[in-house]
Amino acid sequence: MSRERTLAIGITLSLLGFIIWIINANATGPEAYEEMYWAFAGSLTALTGIVTIIVSLSWHRKIEDFDSNETVKTISIPAPVLFNEDA
């Protein structure tokens, strides 16, 4: 997975988690425990998004340096094995 895609997923997760948390954070009344579960799930989703963003920003890009003067290792291919069906 590329760095840009991981960053986009992290941002999406954190925004979705914050939206879920904001919607359910101010619940009151006898049935508020259900909204508390949703608020907790939203906060965990936002935390997962934030961790994903941090990990994607800390990735080091792999720099591939192709040097045309570099000696190329050749692979020797053995001679084919002949099979004689007449014998």
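None of the values given here were measured: they were computed from a predicted structure. (Residues numbered from 1 in each chain as written. Predicted model: local features only at pLDDT ≥ 70, side-chain atom pairs only at ≥ 80, totals over all residues. Heavy atoms only, no water.)

Engineer: Sorry, what's going on with the overall build of the protein here?
Structural biologist: Helix and strand counts for the protein come out as 2 helices and 0 strands. Here the protein, with 87 residues, has 14% of them falling under the buried criterion. If you take every contact in the protein between residues at least 6 apart in sequence, the share linking residues at least 24 apart comes to 75%. (Helix = DSSP H or I, 4+ residues; strand = E, 2+ residues; numbered from the N terminus. Buried < 20%, exposed > 50% of the residue type's maximum accessible area, 1.4 Å probe, protein only. Contact = heavy atoms within 4.5 Å.)

Engineer: Would you mind showing me how to read helix H1 (residues 3-24) here?
Structural biologist: The periodicity of an α-helix, 3.6 residues per turn, causes residues three or four positions apart to be oriented the same way. Under the 1.5 Å per step criterion, the end-to-end length of H1 is 32 Å for 22 residues, consistent within 8% with the ideal 32 Å. Of all the residues in H1, the buried ones are Thr-6, Gly-10, Ser-14, Gly-17 and Asn-24. For H1, the buried positions fall inside an angular range of 110° around the axis, keeping them on one side. Across from the buried face of H1, at angles greater than 90 degrees, the exposed residues are Arg-5, Thr-12, Leu-15, Ile-22 and Ile-23. Buried-residue contacts for H1 involve helix H2 (32-58). (Expected span 1.5 Å × (residues − 1). Arc of directions from axis to C-beta.)

Engineer: I'm lost on the side chain of Ser-56 in this one. Help?
Structural biologist: Summarising the element assignment, Ser-56 is placed in helix H2. According to the relative accessible area criterion, Ser-56 is buried, its value standing at 1%. Engagement of the side chain of Ser-56 in a polar contact is seen with the backbone oxygen of Ile-53, the distance being 2.9 Å. Aside from chain neighbours lying at most four places away, what touches Ser-56 is Arg-3, Thr-6 and Leu-7. (Polar contact = N/O pair within 3.5 Å; in protein donor to acceptor, adjacent residues only side chain to side chain.)

Engineer: Would you mind going over the packing of H1 against H2 with me for this structure?
Structural biologist: The geometry of a pair of packed helices is captured by two quantities: the angle between their axes and the separation between those axes. Put simply, H1 and H2 touch, their axes get as near as 7 Å, and they point 160° apart. In terms of axis orientation, H1 runs roughly antiparallel to H2. The chirality of how H1 crosses H2 is left-handed. Along the lines of polarity and charge, the residues of the contact of H1 with H2 split into 12 nonpolar, 12 polar and 2 charged. (Axes fitted to C-alpha atoms, helices over the stretch in contact; angles between N-to-C directions. Parallel < 35°, antiparallel > 145°, perpendicular 65-115°, else oblique. Left-handed = near helix turned anticlockwise from the far one by under 90°. Nonpolar A, V, L, I, M, F, W, Y, C, P; charged D, E, K, R; others polar.)

Engineer: Looking at this model, I keep getting lost on H2. Mind explaining?
Structural biologist: The terminal C-alpha atoms of H2, which comprises 27 residues, lie 39 Å apart, in line with the 39 Å expected from a rise of 1.5 Å per residue. All of the buried residues along H2 are Ala-32, Ala-39, Gly-42, Ala-46, Gly-49, Thr-52 and Ser-56. Contact partners of the buried residues in H2: H1.

Engineer: What am I meant to see in a nonpolar patch on the surface here?
Structural biologist: Taken together, the side chains of Phe-40, Leu-44, Leu-47, Val-51, Val-55 and Trp-59 make up a nonpolar region of the molecular surface, amounting to roughly 550 Å² of accessible area. Mapping Phe-40 onto the fold places it in helix H2. Take Phe-40: its relative accessible area is 51%, and that puts it in the exposed class. (Patch = residues over 30% accessible without salt bridge, like charges linked within 9 Å, V, L, I, M, F, W, Y side chains within 5 Å. Areas by Shrake-Rupley, 256 points an atom, 1.4 Å probe, with all protein chains shown as cover. Salt bridge = Lys/Arg side-chain N within 4 Å of Asp/Glu carboxyl O.)

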